Amino acid sequence: MQFLFTDTRILDRAARERYGLSEELMMENAAAALERVVMQTKARRIVILCGSGNNGADGYALARRLSAEPASDGLLLEPVLVEVSVPKSDLCKLQAERAKKCGVNCLSADAVCGEVGKKSFLDAADVIVDCMFGSGFHGDLDEKTARLCALANTAPAMRIACDLPTGLREDGSLAAGAFSADCTVTMGALKLALYSDGAKDCAGQIYCENLGISRTLFESADSDSDGKTKAAAFLLEESDLLLPHRKRQNVNKGSFGHVAVASGEKIGASCIAGEAALHFGAGLVSLVRLGAAFEKTELPQVTPELMTADDFPTKTTAVALGMGLGRNDETVQPYLDWLAQQSAISCVVDADACYAFGLKAFLQAHGERTVLTPHPKEFQILLKNLGLGDHTIDDCVNRRPELIEDFCRAFPRCVLLVKGANPMIGHFDGKNFRLYVNPLGTNALAKAGSGDVLAGLIVALLAQGQSPLDAAIQGSLAHGLASRAFKNDYSLAPLALIDAVTRL
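Description of the overall build of the protein
Part 1: Looking only at helices and strands, one finds 16 helices and 18 strands in the protein.
Part 2: Here the protein has a C-alpha radius of gyration of 26 Å; the compact-globule value for 504 residues is 23 Å, and the two agree.
Part 3: Counting only C-alpha atoms and orienting by the principal axes, one finds that the protein spans roughly 80 × 50 × 50 Å.
Part 4: The burial tally for the protein puts 54% of its 504 residues in the buried class.
Part 5: Long-range contacts, defined as pairs at least 24 residues apart, comprise 69% of the intrachain contacts of the protein with a sequence gap of at least 6.

What follows is the structure, encoded as structure tokens:
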């Protein structure tokens with residue numbers, strides 16, 4: 001895992017005070033980091049878009065450093081500065097003056113933008129470096145900046161963003177017309193905004209470079225009184241995956257738990273979840289329909305690997321609830337009532353169950369054993385029904401960290417996994433709130449049934465004795481990593497995804 005921070009400018013100030021670094025020295029290190037990435041492209045024609053603040057100053061410093069560098073063909077590089085706005089910060093003014101004294105070619109934004117519909121100056125660039133805005137951006141892009149971003153985004157050049165792509169706000173939301181980078185070179189420490197859903201399409205490959213001290217020292221510069229780093233979240237990595245391998249030999253199917261999957265209106269969803277649970281280590285899986293037998297016309301959909309029942313099996317160890325169940329409270333409530341009386345049985349609440357009006361009382365009684373896995377629309381309904389606010393779906397995407405924390409503090413010890421391009425997992429243990437971000441999934445997961453697979457993976461781990469938080473983290477990691485196994489991003493179907501999980 002790596003640390004994620006909401007605002008690294010706090011760390012910048014703390015590092016300067018704690019380690020005796022100057023802002024100018026840290027800026028030179030930032031420019032050097034950008035220079036290394038640019039040089040690796042072996043490009044010659046480099047255009048640097050510079051704003052008026054310290055992000056722009058990084059760009060001016062980069063241009064100065066590149067002005068005397070030889071390209072891969074032995075000729076000198078051709079950096080061109082585009083002054084998007086007049087330098088305003090002291091360091092931006094200083095770095096702009098230095099770059100111009102070194103003879104760097106400097107153009108105005110108006111000269112670069114040209115006429116709409118005509119070939120752009122940026123089309124001739126090999127690399128375009130975005131140094132217009134960095135950390136702390138709010139609001140919307142002005143017309144000129146938006147025009148430059150549009151020209152850059154359609155140019156055939158490689159696009160590199162400094163710290164954050166222009167138009168990516170501090171909260172992770174995107175302004176219209178944001179710069180779309182192939183890679184982002186962020187400075188000092190990783191920013192939470194770079195792992196929002198919106199950033200998935202504009203940040204590209206993310207590199208974290210140091211500013212004259214190690215990343216560990218930088219991240220701990222503003223540590224609390226106990227020496228703990230004040231991270232806003234934790235970034236999950238492939239190395240964090242722990243598959244449920246079986247260590248003992250003298251075992252039987254009951255040693256690995258019995259999963260019960262509530263099955264309702266859409267039996268296919270519960271079948272998918274059940275298959276995922278069985279293939280991720282659960283010893284037994286039953287589809288359960290309380291008080292009603294499965295119809296003969298439905299049974300052909302159930303593979304021989306899954307059992308069916310009209311009540312919870314005696315030795316049920318974990319339950320998955322909501323996938324295709326239906327949104328009728330009279331259907332959902334009996335499952336919640338049964339679970340509320342089972343203090344030792346963990347559960348996953350997904351999909352239709354997120355709409356249940358009886359969920360608030362259930363979470364107050366059984367929250368410590370519960371993982372909820374809504375997508376943004378379900379999260380919106382969940383928050384409203386639980387009395388946590390009437391938010392828009394955009395809020396539930398762009399303000400996910402904040403709203404997840406609100407939920408977790410209202411229902412301590414529940415685990416909440418909100419799905420998206422980068423799923424986020426929250427947990428409040430009564431003392432500390434923790435947020436985990438999983439960036440490992442791909443767009444291949446954007447297909448009906450993928451969420452049912454995730455619920456099945458998590459409930460399988462619950463059945464095998466993992467804590468709700470560990471089960472949510474490991475199930476999400478397996479889900480995301482399995483999606484990477486497919487050459488064609490359009491081809492992934494739920495059963496193929498389950499098969500990919502077995503091959504991790």
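A word on the sheet that holds strand E9 (residues 233–235)
Part 1: Ordered in space as E1-E9-E18-E17-E16-E15-E14-E13-E10-E11-E12, the 11 strands form an open sheet in which the pairing is mixed. One side of each edge strand has no neighbouring strand; the edge strands of this open sheet are strand E1 (2–4) and strand E12 (307–309). Strand-to-strand twist of the sheet, defined as the mean angle between neighbouring strand axes without regard to direction, takes the value 25 degrees.
Part 2: Direction of pairing for strand E16 (residues 415–418) relative to strand E17 (residues 424–428): antiparallel, over a ladder of 4 bridges. Within E17, the residue paired with Leu416 across the bridge is Gly426.
Part 3: Helix H14 (residues 450–463) rests against strand E10 (258–262), strand E13 (318–321), strand E14 (346–349), strand E15 (370–372) and E16 of the sheet, and its axis sits at about 170 degrees to E14.

A look at the packing of aromatic side chains
The description of an aromatic ring pair uses the distance of the two centres, along with the angle that the planes make with each other.
Part 1: According to the stated counting rule, one finds 7 aromatic pairs in the structure shown.
Part 2: Aromatic side chains Phe312 and Tyr335 sit 6.0 Å apart centroid to centroid with 85 degrees between the ring planes, which places their arrangement in the edge-to-face category. With Phe312 in the loop between E12 and E13 and Tyr335 in helix H9 (residues 329–340), the pair connects residues that are 23 residues apart, well separated along the chain. Residue Phe312 shares its accessibility class with Tyr335, and that shared class is buried.
Part 3: Here a set of aromatic residues connected by ring pairs shows up, and it is made of Phe3, Phe5, Phe234 and Tyr436.
Part 4: For the cation-ring pair, Arg246 lies above Phe256, with the distance from its terminal atom to the ring centre recorded as 3.6 Å.
Part 5: Above the face of the Phe428 ring, Arg409 is positioned so that its terminal group lies 4.6 Å from the ring centre.

Considering the pairing of E13
Part 1: Burial of E13 is two-sided: the residues Ala318 and Ala320 facing one way and the residues Val319 and Leu321 facing the other way are all buried.
Part 2: Relative to E13, E10 is paired through 3 bridges, and the arrangement is parallel. In the sheet register, Val259 faces E13, and the bridge partner there is Ala318.
Part 3: Sheet topology note: the E13/E14 ladder contains 4 bridges and is parallel. Bridge assignment links Val319 to a residue of E14, and that residue is Cys347.

Overview of the sheet that holds strand E3 (residues 78–83)
Where strands meet in a sheet, backbone hydrogen bonds hold them as pairs that are either parallel or antiparallel.
Part 1: Here 7 strands make up an open sheet; going across it, the order is E4-E3-E2-E5-E6-E7-E8 and the pairing parallel. Bordering the open sheet on either side are strand E4 (105–108) and strand E8 (205–209), each of which pairs with just one other strand. Each strand of the sheet is rotated relative to its neighbour by a mean of 20 degrees, with strand direction disregarded.
Part 2: In this structure, strand E7 (residues 183–187) lies alongside E8, joined through 5 bridges in parallel fashion. Looking at E8, one finds that Val185 is bridged to Tyr207.
Part 3: Relative to strand E2 (residues 45–50), helix H3 (residues 54–66) is tilted by about 155 degrees, and along the sheet it contacts E2, E3, strand E5 (127–131) and strand E6 (158–162).

Let's talk about helix H15 (residues 468–482)
Part 1: Taking 1.5 Å per residue as the helical rise, H15 with its 15 residues ought to reach 21 Å, and the 21 Å between its terminal C-alpha atoms agrees with that figure.
Part 2: Within H15, 14 of the 15 residues are buried, which leaves it mostly tucked inside the rest of the structure.

Focus: the pattern of salt bridges
Part 1: The final tally for this structure, using the stated rule, is 22 salt bridges.
Part 2: For the salt bridge of Lys191 with Asp163, the shortest nitrogen-to-oxygen distance reads 2.8 Å. Of this pair, Lys191 sits in the loop between E7 and E8 while Asp163 is found in the loop between E6 and E7, placing the two residues 28 residues apart along the sequence.
Part 3: A residue is classified by how much of its surface remains accessible, and Asp163, at 10% relative accessible area, is buried.

Conventions used here
Residues numbered from 1 in each chain as written. Predicted model: local features only at pLDDT ≥ 70, side-chain atom pairs only at ≥ 80, totals over all residues. Heavy atoms only, no water. Helix = DSSP H or I, 4+ residues; strand = E, 2+ residues; numbered from the N terminus. Rg over C-alpha atoms; globule rule 2.2 N^0.38 Å. Buried < 20%, exposed > 50% of the residue type's maximum accessible area, 1.4 Å probe, protein only. Contact = heavy atoms within 4.5 Å. Pairing = 2+ DSSP bridges. Axes fitted to C-alpha atoms, helices over the stretch in contact; angles between N-to-C directions. Phe/Tyr/Trp six-rings, centres within 6.5 Å; stacked < 30°, edge-to-face > 60°. Lys NZ or Arg CZ within 6 Å of the ring centre and 35° of its normal. Expected span 1.5 Å × (residues − 1). Salt bridge = Lys/Arg side-chain N within 4 Å of Asp/Glu carboxyl O.

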